[in-house]
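Per-entry structural report
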Amino acid sequence: MTRHVKIRSCLLIAAASLALVWTDVHAQKASPADVATAMSGTWKLNRDLSDSLSAPGRGGGRGGALFAMASPVAQRGGRGGGGGASPTSSADLTPEELAAQAAIRQLQAVPEVITIKAAADSVSFSDARGERTYPANGKKITVDIGAAKVNVKTGWDKSSLKQEFSTPKANLTQVWQVDDSNHLVLKTKVESLTMVSREVKTVFDKE
């Protein structure tokens, strides 16, 4: 009797393992169109589930909040030869560098409400800043953000949408995904010549 129980237990465990493997493989085979459908809609910021955010911006709170992370600041070598590089002030940056910094900060802005229209070949984001549309083909394009030219690549990566924004001094990566609880999750990370930010997670509820 004990032997039969053990055999049955082993069979149940094997069946459960196969079910989990099938579920994982099935999830990985979800097409970009399926993921785009799940991501499309209007989403509202969930502050309780999101990582720490700073207070709303200056525009009366309508512009959302900014990620609580350091802005990338360029460094240049010291002139005396004895000391290492030291951070420069805004006055030491060219107009192009200042515009690029402002563009990265603008891209980091977290909207209170965002509407996404996604398809297999493109994605559109609409919020208080306006509407932005990108081809989702993984190819680099150049967009105007404020006074800066910013390169961006947008593409589907299994069950997520990945965007990579780059300027001469910094790179911003944003990964969008709908989790098992039907939350829209945005993971953001900034890298520059002098720093790499921690990954910041922002969560939205579907309206």
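None of these values were measured; they are calculated from a predicted model.

All right, on to the confidence of the model for the chain then. Looking at the chain, pLDDT values average 79 and 68% of them are 70 or higher. Taken together, the stretch residues 54–87 has pLDDT below 50 and engages in 67 contacts with residues farther than four places along the chain or on a different chain.

On to the nonpolar core. One finds Met 39, Ile 116, Trp 176 and Phe 204 to be the most contacted residues of the largest nonpolar core, which totals 34 residues. Met 39 has contacts with Ile 116, Trp 156, Leu 161, Trp 176, Gln 177, Val 178 and Leu 184, leaving out every residue within four places of it along the chain.

What follows deals with the packing of aromatic side chains. One pass over the full model with this rule turns up 3 aromatic pairs. Among the aromatic residues, those joined into a cluster by ring pairs are Phe 125, Tyr 134, Phe 165 and Trp 176.

Once that is clear, we can look at the pairing of strand S10 (residues 140–145). Across 6 bridges, the pairing between S10 and strand S11 (residues 148–157) is antiparallel. By the bridge assignment, Ile 145 is partnered in S11 with Ala 148. Remark: 2 residues form the turn of the hairpin made by S10 and S11, two consecutive strands paired antiparallel; Gly 146 in that turn has positive phi of roughly 65°.

Let us now look at the side chain of Gln 163. Its place among the elements puts Gln 163 in strand S12 (residues 160–166). Judged by relative accessible area, which is 1%, Gln 163 ranks as buried. Once you skip the residues sitting within four places of it in the chain, Gln 163 turns out to touch Phe 125, Tyr 134, Val 152, Lys 153, Thr 154, Leu 172, Thr 173, Gln 174 and Trp 176.

Bringing the pattern of salt bridges into the picture now. A complete count under the given rule lists 7 salt bridges for this structure. Among the salt bridges present, the one from Asp 127 reaches Arg 132, with a minimum N-O distance of 3.1 Å. Note on Arg 132: relative accessible area 22%, which makes it partly exposed. With a closest N to O distance of 2.7 Å, Lys 149 and Asp 144 form a salt bridge. Lys 149 gets classed as exposed once you look at its relative accessible area, which sits at 57%. One continuous salt-bridge network, built from bridges that share partners, spans Asp 127, Arg 129 and Arg 132.

Attention now moves to the environment of Asn 137. Mapped onto the elements of the fold, Asn 137 is located in the loop between strand S9 (130–135) and S10. Taking relative accessible area as the criterion, Asn 137 reaches 44% and is therefore assigned partly exposed. For Asn 137, the side chain forms a polar contact with the main-chain nitrogen of Lys 139, separated by 3.0 Å.

Calculation criteria
Residues numbered from 1 in each chain as written. Predicted model: local features only at pLDDT ≥ 70, side-chain atom pairs only at ≥ 80, totals over all residues. Heavy atoms only, no water. pLDDT = per-residue confidence, 0-100. Contact = heavy atoms within 4.5 Å. Core = buried A, V, L, I, M, F, W, Y, C linked by side-chain atoms within 4.5 Å. Buried < 20%, exposed > 50% of the residue type's maximum accessible area, 1.4 Å probe, protein only. Phe/Tyr/Trp six-rings, centres within 6.5 Å; stacked < 30°, edge-to-face > 60°. Pairing = 2+ DSSP bridges. Helix = DSSP H or I, 4+ residues; strand = E, 2+ residues; numbered from the N terminus. Salt bridge = Lys/Arg side-chain N within 4 Å of Asp/Glu carboxyl O. Polar contact = N/O pair within 3.5 Å; in protein donor to acceptor, adjacent residues only side chain to side chain.

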